Amino acid sequence: MKRRLSLLVLGQSNVANYGPEPRAAGPGAFTLYQGGLVPMHDPLPGAAGDGGSVWTRFAPKAVAAGICDEVVVVCAAQGGVGAGQWAPGGNLAPYLANVLAHVAHVGLGITYVVWHQGERDVEVSTPADRYLDNLNRVIASLRVAGMDAPVFVCGATYVDGAVSDAIRDAQRKIVAPERGIFEGPDTDLLGAAYRSDGVHLNGDGQDAFADMLVATFAAAAAPASA
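Residues numbered from 1 in each chain as written. Predicted model: local features only at pLDDT ≥ 70, side-chain atom pairs only at ≥ 80, totals over all residues. Heavy atoms only, no water.

The next subject is the overall build of the protein chain. On a plain count of helices and strands, the protein chain comes out with seven helices and seven strands. For the protein chain, the α and β elements follow one another from N to C terminus as β-β-β-α-β-α-α-β-α-α-β-α-β-α. Relative to the 2.2 N^0.38 estimate, which gives 17 Å for 226 residues, the radius of gyration of the protein chain is 16 Å and therefore close to what a compact globule would have. C-alpha atoms of the protein chain, sized along the principal axes, occupy 45 × 45 × 40 Å. The proportion of buried residues among the 226 residues of the protein chain is 51%. Pairs at least 24 residues apart make up 75% of the contacts formed inside the protein chain by residues separated by at least 6 positions. Here the protein chain carries 15 positive and 22 negative side-chain charges, and the mean point of each set is 5 Å from the other. (Helix = DSSP H or I, 4+ residues; strand = E, 2+ residues; numbered from the N terminus. Rg over C-alpha atoms; globule rule 2.2 N^0.38 Å. Buried < 20%, exposed > 50% of the residue type's maximum accessible area, 1.4 Å probe, protein only. Contact = heavy atoms within 4.5 Å. Lys, Arg positive; Asp, Glu negative; His and termini not counted. Charge placed at Lys NZ, Arg CZ, Asp CG, Glu CD.)

Here the structure, examined in full by the defined rule, presents 11 salt bridges. With its nearest N and O atoms 3.2 Å apart, the salt bridge here joins Asp 207 to Arg 57. Pair noted here: Asp 207 is in helix H7 (residues 203-221) and Arg 57 is in helix H1 (residues 55-64), with a separation of 150 residues, a long-range link. Look at Asp 207 and you get partly exposed, because its relative accessible area is 25%. Note that Asp 133 is salt-bridged to Arg 137, the shortest N-O span being 3.6 Å. Placement of both Asp 133 and Arg 137 in helix H5 (residues 128-144) is noted, with a separation of four residues, approximately one turn of the helix. In this structure Asp 133 comes out as partly exposed when scored by relative accessible area, which is 42%. Through salt bridges that share partners, Glu 21, Arg 23, Arg 57 and Asp 207 make up one connected network. (Salt bridge = Lys/Arg side-chain N within 4 Å of Asp/Glu carboxyl O.)

Running from N to C, H5 and helix H6 (residues 165-173) cross one another at 35°; their axes reach a closest spacing of 9 Å. In this structure, H5 crosses over H6, and the sense of that crossing is right-handed. Residues Ala 128, Tyr 131 and Leu 132 of H5 touch H6, and the partners they reach there are Ala 166, Ile 167, Ala 170, Gln 171 and Lys 173. Tallied by class, the residues present in the contact of H5 with H6 amount to six nonpolar, one polar and one charged. (Axes fitted to C-alpha atoms, helices over the stretch in contact; angles between N-to-C directions. Left-handed = near helix turned anticlockwise from the far one by under 90°. Nonpolar A, V, L, I, M, F, W, Y, C, P; charged D, E, K, R; others polar.)

Attention shifts here to the pairing of strand S5 (residues 112-116). By the criterion of burial, S5 is predominantly enclosed, with five of the five residues buried. Residue alternation in S5 divides its side chains into two sets, Tyr 112, Val 114 and His 116 and Val 113 and Trp 115, and both sets are buried. The pairing of strand S1 (residues 4-11) with S5 spans five bridges and is classified as parallel. Of the residues in S5, the one forming a bridge with Val 9 is Val 114. As paired elements, S5 and strand S6 (residues 151-155) share three bridges and run parallel to each other. Directly across from Trp 115, in S6, lies its bridge partner Val 153. (Pairing = 2+ DSSP bridges.)

Okay, the sheet that holds S5 next. Across the sheet, seven strands lie side by side as S3-S2-S4-S1-S5-S6-S7; this open sheet has mixed pairing. What marks the edges here is a single partner per strand, and that holds for strand S3 (36-39) and strand S7 (181-186). Sheet twist, expressed as the mean angle between neighbouring strand axes with direction ignored, is 30°. On the sheet, H1 packs against S1, strand S2 (29-33), strand S4 (70-75) and S5 and is oriented at approximately 155° with respect to S4. H7 contacts S1, S5, S6 and S7 of the sheet and is inclined by roughly 150° relative to S7.

Between Asp 42 and Pro 43 the backbone carries a cis peptide bond, its omega angle lying at -10°. For Gln 34, which is not glycine, the phi torsion reads 50° and is therefore positive. In this structure, Gln 34 sits in the loop between S2 and S3. For Gln 34, a relative accessible area of 67% puts it in the exposed group. Phi angles above zero are rare outside glycine, and Asp 160 is one such case at about 55°. Within the secondary structure layout, Asp 160 lies in the loop between S6 and H6.

Dropping the structure here:
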């Protein structure tokens, strides 16, 4: 039986289709479209943007690393959105509910949820405590909907050469393995050489992020040491 790694991706543009080089992922990589799995190619359906994504880079790397035989990515990420928009009462909450219902309807088991978002909240100066509350409410809504997969929260606050210590602190504070919430890759480590502008990752940045994701999920899948 093939080992499948299935990801549900939420957040904003750096995990959507805003990269410079659209591509196909190749064998063993799929996305969910209209009730079925289709070969993965950019732009991924369900996510904003019409360019390249990190996921068509990640999928072949994950298979080559031996952590899975095939990759499925359900990407719902949207450009320029704050955490509160995904939380109950936010304008993206109905969209998230529809995505979760679609995943459940087709019987796709999600291995991990990836949350990569924060830049918009930096730009609009969202207080850190409000950001943390919004993110807690997003994750609570996943659990209420029956999505019990581990959630990996990435470090994502890089805007115009600077990062936000306050939002980064909130992203770290929410990590709670007993609640199924874990630390994801820290893309704030990818500076100007990895960006096409003040926010978006370029091709090298997406490759570096993909490598970070492979390392994160390889570690997550490794058996605990005795």
